[in-house]
Amino acid sequence: MIERESLEVDVLFVGAGPASLAGALKLRQLINAHNEQSEKTGGKSLGEISICVIEKGREVGAHMCSGAVMDIRVLKELLPNYEELGAPLESEVTEEDVSYLTETGKIKSPIIPPPLNNHGKYVVSLNKLIRWLGPIVEAAGVDIYPEFPGAAVLYDDNNQVIGVQTGDKGIGKDGEPRDNFEPGANLLAKVTVFGEGPRGSLTKKLVEKLKLDQGRNPQVYSTGVKEIWEMPKGRVKPGFVMHSLGYPLPNDTYGGSFIYGMQNDLLDVGLVVGLDYRNPHTDPHKLFQQFKSHPHIAKMLEGGKMLYYGAKTVPMGGYFAQPKYYGDGFCIIGDSASFLNSQKLKGIHLAMQSGVYAAQAIFEALLADKYDDAQLKRYYDLVEGSYIKKELYEVRNFHQAFEKGRIWGLIESGLQYITGGAGVRGDLRDVKAGHEHMQKINGAPDPAPLQADKKLTFDKLTDVYHASVEHSEDQPSHLKILDPNICIERCTKEYGNPCQHFCPAAVYEVEEVNGGRRPKVNFSNCVHCKTCDIMDPYQIIDWVTPEGGGGPNYINT
Ligand code: SF4
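The model shown is predicted, which means the values in this text are computed figures rather than measured ones.

Rules and cut-offs
Residues numbered from 1 in each chain as written. Predicted model: local features only at pLDDT ≥ 70, side-chain atom pairs only at ≥ 80, totals over all residues. Heavy atoms only, no water. Buried < 20%, exposed > 50% of the residue type's maximum accessible area, 1.4 Å probe, protein only. Helix = DSSP H or I, 4+ residues; strand = E, 2+ residues; numbered from the N terminus. Pairing = 2+ DSSP bridges. Patch = residues over 30% accessible without salt bridge, like charges linked within 9 Å, V, L, I, M, F, W, Y side chains within 5 Å. Areas by Shrake-Rupley, 256 points an atom, 1.4 Å probe, with all protein chains shown as cover. Salt bridge = Lys/Arg side-chain N within 4 Å of Asp/Glu carboxyl O. Axes fitted to C-alpha atoms, helices over the stretch in contact; angles between N-to-C directions. Contact = heavy atoms within 4.5 Å. Phe/Tyr/Trp six-rings, centres within 6.5 Å; stacked < 30°, edge-to-face > 60°. Lys NZ or Arg CZ within 6 Å of the ring centre and 35° of its normal. Near = heavy atom within 4 Å. Nonpolar A, V, L, I, M, F, W, Y, C, P; charged D, E, K, R; others polar. Parallel < 35°, antiparallel > 145°, perpendicular 65-115°, else oblique. Left-handed = near helix turned anticlockwise from the far one by under 90°. 1 Å grid on protein atoms, 1.4 Å probe; cavity = no way out; pocket = protein on both sides within 12 Å on 5 of 7 lines; lining within 4 Å. Points joined across faces, edges and corners; volume = space filled by probe spheres on them. Domains from an automatic or database assignment. Buried area = accessible area lost by both parts, 1.4 Å probe.

Notes on the pairing of strand β16 (residues 255-261)
Side-chain positions along a regular strand alternate between the two faces of the sheet.
Step number 1: Within β16, 7 of the 7 residues are buried, leaving the element largely enclosed by the surrounding structure.
Step number 2: A two-sided burial pattern is seen for β16, the buried positions comprising Gly-255, Ser-257, Ile-259 and Gly-261 on one face and Gly-256, Phe-258 and Tyr-260 on the other.
Step number 3: The pairing of strand β15 (residues 240-246) with β16 spans 4 bridges and is classified as antiparallel. Bridge pairing in β16 places His-243 opposite Phe-258.
Step number 4: Examined bridge by bridge, β16 and strand β17 (residues 266-274) share 7 bridges and lie antiparallel to one another. Bridge pairing in β17 links Gly-256 to Val-272.
Step number 5: Following β16, the chain reverses through 4 residues before pairing antiparallel with β17; Asn-264 in that reversal takes a positive phi of roughly 55 degrees.

Next comes the structure, spelled out in structure tokens:
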């Protein structure tokens, strides 16, 4: 039995993404304003309230990756002097292009469909934004601890969440403690706020244990794969935004591309692939390389140089797939609670706003000194009475419309737009989880591997190098295959080991050993996208947090 230190804080945020940082900052602002007012009026002050954020990455922002056009309304409200503070907004959107790609051609839409109109929004690098915001939140009086992953949720005897156990350091790959062993601590809090991003490892366990997804649609995701390119001087228009549908995605695969113009001649290029595809050979990274090889895109990238790589999942299930996001001692915010508009592919403002509403509810809970389900329901009520509800409700059936393929999806989502979200079939609640759409291979041979030219197209390992991924090799794998026998005895035959294809970082292989075959997990390549945890057809891959500080060190993504 490992002895663990217990540390008490008032409010604990897990994950230093946009939702948590906005929430922590708002909470600090509310407490400070209240205490100042109390001092003036002789009212009851809340006194010293400790707010702590833990983050698994080696720095705040290290794991942030998103092709992002951002609605900055929440940023403006939280920090009205955001310009003076040097907010790293790349550019207001200046030019838009929505196109359909055939194998060799490009058909540009004569109008920008209203849901894709980004007028007044800003191209940003989420990574730069969070690296900027972190120190501001810290300076406001929030303690932020990078390299502290949440390893387990702590409950009391009544299943009230009472905090989080942080990860151990210095456990060797054989599971034994090394000389530098440091046990994780029990961080105890009145309220724990889970803002771990999509498919958060603690949120997943919390949702399962407390059945927070009962009566909800299963969550569905997409994987986004992207590269940042440096282009010859003067070629990139900051604020240029292009989205495309079509090539290289087959009709039964949801997704599309994005290209955003940034400052300093950088182009943000990416492809989003729905994780509810049919073909088990689907490889989002390879599809992205094919996308760049399209004549129009290849021409656009001519003369440029790939600098950075990243991959991340995005929750697409929307309003009906949101778990119950509050309860005894906890709130769930941001992507972890599916606060993302899948039609517009925008979630940063909703993530931040959800953090702000959670902060308001927690502030009121601190005043009442009550932290149970009934008190924290205030967070849900604030969301339901806000533009978040309106925005998500209008697109509540959007992703489901594409279950029958792209053509039908475009028609139905158009009708949904006209009918305020209902479309022709009403609310679509009878949907399957993404991995359940995967079809068996039926003897189809493995597809030919990508022939990367290392100028325009890159193999997975080269791309992973550009994500600056690091994990200590002497630690247990954080990718737990719960039953390795299934991999060889069933999965090879039934699905052709799709982990080798869907992982955008070449983590999974099947190796021959002594005449037999076994799965090999190159966990140190992992970019923490969570695709494997989501898309494994048997749901036997469990992504848990590695030792603190492991993972990518994203820059500009
Ligand atoms: Fe993503 Fe899983 Fe591959 Fe890591 S191992 S990069 S989480 S698919």
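Alright, that's what it looks like, and here's the rest.
Section: a nonpolar patch on the surface
Step number 1: Together, Ile-407, Trp-408, Ile-411, Leu-415, Tyr-417, Ile-418 and Val-424 line one region of the surface with nonpolar side chains, adding up to about 690 Å² of accessible area.
Step number 2: For Leu-415, the location among the structural elements is in helix α11 (residues 406-418).

Some thoughts on the sheet that holds strand β4 (residues 89-92)
Step number 1: Pairing is antiparallel across the open sheet formed by 3 strands, whose spatial order is β3-β7-β4. Each edge of the open sheet carries a strand with a single partner, namely β3 (67-70) and β4. Taking the axes of each pair of neighbouring strands and ignoring which way they run, one obtains an average angle of 30 degrees across the sheet.
Step number 2: Of the pairings in the sheet, the one linking β3 to strand β7 (residues 122-125) comprises 4 bridges and is antiparallel in character. Its bridge partner lying in β7, Gly-67 is registered against Ser-125.
Step number 3: Docked against the sheet, helix α3 (residues 126-139) engages β3, β4 and β7, running at close to 75 degrees with respect to β7.

Some words on the packing of aromatic side chains
Two numbers describe a pair of aromatic rings. These are the distance of the centres and the angle of the planes.
Step number 1: All told, the structure shown has 12 aromatic pairs when counted by the stated rule.
Step number 2: With centroids separated by 5.9 Å and ring planes inclined at 45 degrees, the aromatic side chains of Tyr-325 and Tyr-380 adopt a geometry described as tilted. Of this pair, Tyr-325 sits in the loop between β18 (305-315) and β19 (326-327) while Tyr-380 sits in helix α8 (residues 373-384); the two residues are 55 residues apart in sequence, bridging distant segments of the chain.
Step number 3: Note on Tyr-325: relative accessible area 3%, which makes it buried.
Step number 4: Taken together, Tyr-325, Tyr-326, Phe-339, Tyr-379 and Tyr-380 form an aromatic cluster joined through their ring pairs.
Step number 5: Taking NZ or CZ as reference, Arg-73 lies 3.9 Å from the ring centre of Tyr-387, over its face.

Here we look at the site of the ligand
Step number 1: What surrounds the ligand is a group of 13 residues, the closest being Cys-503, Cys-526, Cys-529, Lys-530 and Cys-532.
Step number 2: Class assignment of the residues belonging to the shell around the ligand gives a composition of 11 nonpolar, 1 polar and 1 charged.

Comments concerning unusual backbone geometry
Step number 1: Of note, the amide linkage connecting Tyr-247 to Pro-248 takes the cis form, showing an omega dihedral of 5 degrees.
Step number 2: Tracing the backbone shows Pro-248 in the loop between β15 and β16.
Step number 3: Phi at Lys-454 takes a positive value of approximately 60 degrees, unusual for a residue other than glycine.
Step number 4: When you line up the elements, Lys-454 lands in the loop between α11 and α12 (460-465).
Step number 5: Its identity is not glycine, yet His-528 carries a phi of approximately 65 degrees, on the positive side.

Remarks on the sheet that holds strand β14 (residues 221-230)
Step number 1: As summarised here, the arrangement of the 7 strands in space is β6-β5-β15-β16-β17-β14-β18, forming an open sheet in which the pairing is mixed. Each edge of the open sheet is held by one strand with a lone partner, namely β6 (106-108) and β18. Going from strand to strand, the sheet's axes swing by 20 degrees on average, the running direction of each strand aside.

Observations regarding the packing of helix α1 (residues 18-41) against α3
Step number 1: Taken N-terminus to C-terminus, the directions of α1 and α3 make an angle of 25 degrees; their axes are 10 Å apart at the nearest point. The orientation of α1 with respect to α3, classified from their angle, is roughly parallel. The element α1 and its partner α3 pack so that their crossing is left-handed. Residues Pro-18, Leu-21, Ala-24 and Leu-25 of α1 form the contact with α3, whose participating residues are Leu-126, Ile-130, Leu-133, Gly-134 and Val-137.

Points about the layout of surface pockets
Step number 1: Volume-wise, the largest pocket comes out at about 760 Å³.
Step number 2: Along the wall of the largest pocket there are 31 residues; nearest its centre are Leu-116, Leu-245, Gln-343, Phe-398 and Leu-410.
Step number 3: Every element with two or more residues in the lining of the largest pocket is listed here: β5 (95-101), β6, β15, β16 and α11.
Step number 4: A total of 5 residues in the lining of the largest pocket trace back to one element, the largest contributor, which is α11.
Step number 5: Considered class by class, the residues forming the lining of the largest pocket number 16 nonpolar, 12 polar and 3 charged.

Topic: the domain arrangement of the protein chain
Step number 1: Assigned domains of the protein chain: these are domain 1 (10-59 + 142-217 + 319-390), domain 2 (92-123 + 222-315), domain 3 (399-428) and domain 4 (435-543).
Step number 2: On a C-alpha basis, the centroid separation for the pair domain 2 and domain 3 is 23 Å.
Step number 3: Contact residues are listed per partner, giving 13 residues for domain 2 and 8 residues for domain 3.
Step number 4: Carbon and sulfur atoms supply 52% of the area that domain 2 and domain 3 bury against each other, a total of about 880 Å² over both sides.
Step number 5: Ranking the residues of domain 2 by area buried against domain 3 places Leu-245, Asn-251 and Tyr-254 at the top, with a combined share of 49%.
Step number 6: Counting across the domain 2 and domain 3 interface gives 0 salt bridges.
Step number 7: Looking at the side of domain 2 that touches domain 3 residue by residue, the classes come out as 7 nonpolar, 3 polar and 3 charged.

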